[in-house]
Amino acid sequence: MTIQEITKYLDKKIKENENEIRITFFDVRVKHNLSESETDTFLTLCKNRLENLGYNVFFTGAKFTYKNTRRTVQSNELMIAVKES
């Protein structure tokens, strides 16, 4: 994916829910047909952009608290980004 495609993808995700962005394995690896190395690059670029926009970013297996609820990024989720309050 190009930088422009990643920006468009994230803009769409933010428009759907600006407080919580979920990026799933199915969406990235199956729908967008990215290889494992392409997925790693994609996630790195997404992380950088989302952190610059004020999001806290968590990857598979990470535990975090959001809206007073303890959560874990599930195995089918590659990344969850939540807006800093």
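Residues numbered from 1 in each chain as written. Predicted model: local features only at pLDDT ≥ 70, side-chain atom pairs only at ≥ 80, totals over all residues. Heavy atoms only, no water.

Here we look at the overall build of the protein
On a plain count of helices and strands, the protein comes out with 3 helices and 5 strands. Ordered by position in the sequence, the α and β elements of the protein form the string α-β-α-α-β-β-β-β. Against the 2.2 N^0.38 benchmark of 12 Å for 85 residues, the protein shows a C-alpha radius of gyration of 12 Å, consistent with a compact globule. Looking at the protein as a whole, 33% of its 85 residues are labelled buried. (Helix = DSSP H or I, 4+ residues; strand = E, 2+ residues; numbered from the N terminus. Rg over C-alpha atoms; globule rule 2.2 N^0.38 Å. Buried < 20%, exposed > 50% of the residue type's maximum accessible area, 1.4 Å probe, protein only.)

Let's talk about the confidence of the model for the protein
The predicted model of the protein has a mean per-residue pLDDT of 94, with 100% of residues at 70 or higher. Mean pLDDT values over the elements of the protein span from 93, in strand β3 (residues 63–66), up to 97, in strand β2 (residues 55–59). (pLDDT = per-residue confidence, 0-100.)

Describing the sheet that holds strand β5 (residues 77–83)
Backbone hydrogen bonds hold the strands of a sheet together, and the pairing may be parallel or antiparallel. With antiparallel pairing, the 3 strands of this open sheet are ordered in space as β1-β5-β2. The sheet is open, and its two borders are formed by β1 (20–24) and β2, each paired with just one other strand. Strand-to-strand twist in this sheet, taken as the mean axis angle between neighbours without regard to direction, amounts to 15°. With 5 bridges connecting them, β2 and β5 associate as antiparallel partners. Within β5, the position partnered with Val-57 by the bridge is Ala-81. Running over the sheet, helix α1 (residues 3–16) touches β1 and β2 and is turned about 130° from β1. (Pairing = 2+ DSSP bridges. Axes fitted to C-alpha atoms, helices over the stretch in contact; angles between N-to-C directions. Contact = heavy atoms within 4.5 Å.)

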